[in-house]
Amino acid sequence: MSVEALTLTLVLITFAVYLYIGWWAKVKDTSHFFVAGKEIPAVANGAAIAADWMSAASFISMAGLISFLGYDGTIYLMGWTGGYVLLALLLAPYLRKFGRYTVPDFIGDRYYSNGARAVAAVATLFISLTYVAGQMRGVGIVFSRYLQVDIAMGVLIGMAIVAFFAVLGGMKGITWTQVVQYFILIIAFIIPAAAISLQLTGIPVPQIGFTFSDIAQRLSSLQVELGMTEFLAPFQNLSGLNVFAVTLALMLGTAGLPHVIVRFYTVKDVRSARWSAGWALIFIALLYTTAPVVGVFAKFNLIESLHDQTVSDVREITWVSKWEETGLLTLDDKNGDGVLTFASDDSPANEVTIDPDIIVLSTPEVAELAPFVIALVAAGGLAAALSTASGLLLAMSSAISHDLYYRIFKPDATEKQRLLVGRIMIFLAVLVAGYFGINPPGFVGEVVAFAFGLAASSLFPAILLGIFDKRMNREGATWGIVVGLAFTLTMLLLMRS
């Protein structure tokens, strides 16, 4: 069976499971729609948190960022992981103890201000929209390569699937879907990593193979020979101050992500919230200790496969021709000698341009692994993107239907009205997310980093000071969110212009 046929089969099976869970978990009250009735077991909630947090950026882009940035790419690894620890240990138990549904709910009640609640809801929308654009982009990339459909069509298919189980099941349906998606994505990430580690080092455990082999040193030397940045040399692309600032921003942004924070409200008590955080850390560590290995091994294999090879020979390789069709891999024989030169992207001599988002997805093909493993990676990429997208859609829906509609504009709304508005908002959010998935402001990891910056500058300070400083008042919280959000949005827009 071909890779495409296997991929289609696995994707259809996993999508059928997601749809069944959405139907099985359909809810009729707002408690189950917004916080799953606070009935989720701690270990299941830990898996759901991990799936919600480990987005397409973690599965698809992180190894790509490490591959292309080298040592400096670890800022994403440190920032995102450190931020989760900060959230789990410092903020989550206190937020759960406060007992509200959402981040704007906490801010509105803590500062006794509907104005603060409203600006927090707006910040949640901006953060979630930016973040979800990266997820839908990831869905489109997977579909465009493995099912030979246009990226836009891939995004539309993903929109339809996530809308179904999110609209019907709300947080309950999303949670149990994310539990399944976590195990799909982690298996899809670790199996090819183990196979490539065995292939390159003779050791099937990726982390051990990486530690006790010289692949990283060989890659570093190879890049120097090709006139590229030394892979293991720190601070080649960023100054030490920039590394510190970006890592800190990513940490604070992680701790302020509204769709992750709300997960701690889906368990019955504070003790369960703490256990959820512990389980999630274990589940996250499985992928985050494997990603650097994949990044190094993948880059080494890519250079070995493409550098100094003839253009005609390379284009006969199936995976090369397929990725060229997507536009995410470009071969350009600039000097007309018929031989490809692999150099840094900004070098005039470079004749191979690779989008960082294809590193993980292409790695099994480059390493010539079994077609089933290639298909499994595609299903894992979709699981990672859809799991986070569903949580973000609910965060946007909650911000409008619960925090604005119910808590500010119509406090006497019935249960039925609130549920209807929540479902309509998810549907509208899916449409907006789909648009930004088709027209993203950058590659997956870059877009997600934008969202972390927005969360760090707007919601995180109001949450942290709201918990630990009794002197913090509604004026400070409100204007802090407004200024932080406006300043960061302006900076990001100027960067992209």
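The rules behind these values
- Residues numbered from 1 in each chain as written.
- Predicted model: local features only at pLDDT ≥ 70, side-chain atom pairs only at ≥ 80, totals over all residues.
- Heavy atoms only, no water.
- Helix = DSSP H or I, 4+ residues; strand = E, 2+ residues; numbered from the N terminus.
- Rg over C-alpha atoms; globule rule 2.2 N^0.38 Å.
- Buried < 20%, exposed > 50% of the residue type's maximum accessible area, 1.4 Å probe, protein only.
- Contact = heavy atoms within 4.5 Å.
- Polar contact = N/O pair within 3.5 Å; in protein donor to acceptor, adjacent residues only side chain to side chain.
- pLDDT = per-residue confidence, 0-100.
- Salt bridge = Lys/Arg side-chain N within 4 Å of Asp/Glu carboxyl O.
- Core = buried A, V, L, I, M, F, W, Y, C linked by side-chain atoms within 4.5 Å.
- Expected span 1.5 Å × (residues − 1).
- Bend = angle between axes of the 7 residues up to and from the residue.
- Axes fitted to C-alpha atoms, helices over the stretch in contact; angles between N-to-C directions.
- Parallel < 35°, antiparallel > 145°, perpendicular 65-115°, else oblique.
- Left-handed = near helix turned anticlockwise from the far one by under 90°.
- Nonpolar A, V, L, I, M, F, W, Y, C, P; charged D, E, K, R; others polar.
- Phe/Tyr/Trp six-rings, centres within 6.5 Å; stacked < 30°, edge-to-face > 60°.

K.L.:
Explain the overall build of the protein here, please?
P.N.:
When helices and strands are tallied, the protein shows 22 helices and two strands. Against the globule reference of 23 Å for 497 residues, the protein gives a C-alpha radius of gyration of 22 Å, in line with a compact fold. Taking the principal axes of its C-alpha atoms as reference, the protein extends roughly 75 × 50 × 40 Å. Out of the 497 residues belonging to the protein, those deemed buried represent 59%. Pairs at least 24 residues apart make up 82% of the contacts formed inside the protein by residues separated by at least 6 positions.

K.L.:
How should I be thinking about the side chain of Asp 105 in this particular structure?
P.N.:
Within the secondary structure, Asp 105 is located in helix H6 (residues 103-110). Asp 105 gets classed as buried once you look at its relative accessible area, which sits at 2%. Among the polar contacts listed, one links the side chain of Asp 105 to the side chain of Arg 117, at a separation of 2.8 Å. Ignoring any residue separated from it by four or fewer positions in sequence, one finds Asp 105 in contact with Arg 100, Arg 117, His 402, Asp 403 and Arg 407.

K.L.:
Looking at this model, I keep getting lost on the confidence of the model for the protein. Mind explaining?
P.N.:
Detail in the predicted coordinates should be disregarded across regions flagged by low pLDDT. When the pLDDT values of the protein are averaged, the result is 85; 98% of them are 70 or greater. The secondary-structure element of the protein with the lowest mean pLDDT is helix H20 (residues 444-457), recorded at 80, while helix H21 (residues 459-468) shows the highest, at 93.

K.L.:
Would you mind going over the pattern of salt bridges with me for this structure?
P.N.:
Side chains that differ in sign of charge can pair as their charged atoms come close. Scanning the entire structure with this criterion turns up nine salt bridges. Among the salt bridges present, the one from Arg 117 reaches Asp 105, with a minimum N-O distance of 2.8 Å. Placement of the pair is Arg 117 in helix H7 (residues 114-146) and Asp 105 in helix H6, with a sequence separation of 12 residues. With its nearest N and O atoms 3.0 Å apart, the salt bridge here joins Arg 315 to Glu 324. One network of salt bridges, with partners in common, ties together Asp 105, Asp 109, Arg 117 and Arg 407.

K.L.:
Could you clarify how one ought to interpret the nonpolar core in this entry?
P.N.:
The tendency in soluble globular proteins is for nonpolar side chains to be buried as a group. In terms of nonpolar packing, the biggest core is built from 166 residues, with Phe 59, Trp 80 and Ile 107 touching the most fellow members. If one sorts the elements of this core by residue count, helix H8 (residues 151-201) sits on top with 20 residues. Once residues within four sequence positions are removed from consideration, Ile 107 is found in contact with Ala 116, Ala 120, Leu 459, Ala 462, Ile 463 and Ile 481.

K.L.:
What should I look at first to understand helix H5 (residues 74-98) in this one?
P.N.:
In an α-helix, one full turn covers 3.6 residues, which means residues spaced three or four apart are oriented alike. Given a rise of 1.5 Å per residue, 25 residues ought to cover 36 Å, and the 35 Å separating the end C-alpha atoms of H5 matches this to within 8%. Leu 91 marks the point of greatest bend in H5, at about 50°, and the proline Pro 93 comes within the next four residues. Positive backbone phi, at 80°, marks Gly 99, one or two positions downstream of H5.

K.L.:
For this particular structure, what's the right way to read the side chain of Ser 362?
P.N.:
Checked against the element boundaries, Ser 362 lands in helix H17 (residues 359-366). Classification of Ser 362 by relative accessible area gives buried; the value is 1%. Among the polar contacts made by the side chain of Ser 362, one reaches the main-chain carbonyl oxygen of Ile 359 at a distance of 3.3 Å. With sequence-adjacent residues up to four places away left out, Ser 362 is seen in contact with Tyr 146 and Trp 323.

K.L.:
Please explain the packing of helix H14 (residues 291-306) against H17 as it appears in this structure.
P.N.:
What describes two packed helices is the angle between their axes and the distance between those same axes. One way to put it is that H14 packs onto H17 with a least axis distance of 10 Å and a crossing angle of 55°. Compared by their axis directions, H14 and H17 come out oblique. In terms of crossing hand, the pair formed by H14 and H17 is left-handed. Residues Val 294, Ala 298, Asn 301, Leu 302 and Ser 305 of H14 touch H17, and the partners they reach there are Ile 359, Val 360, Thr 363 and Val 366. Of the residues that constitute the contact of H14 with H17, the class distribution is six nonpolar, three polar and no charged.

K.L.:
Quick question: what am I supposed to make of the packing of aromatic side chains here?
P.N.:
Aromatic rings in a pair are described by how distant their centres are and how their planes are angled relative to each other. Under the defined criterion, the tally for this structure stands at 14 aromatic pairs. With 5.2 Å between their ring centres and 75° between their planes, Tyr 182 and Phe 183 make a pair best called edge-to-face. On the basis of relative accessible area, Tyr 182 is assigned to the buried category, the value being 1%. Residue Phe 183 is classed as partly exposed on the basis of its relative accessible area of 40%. For the pair Phe 210 and Phe 297, a centre-to-centre distance of 6.4 Å together with 55° between the ring planes defines the contact as tilted.

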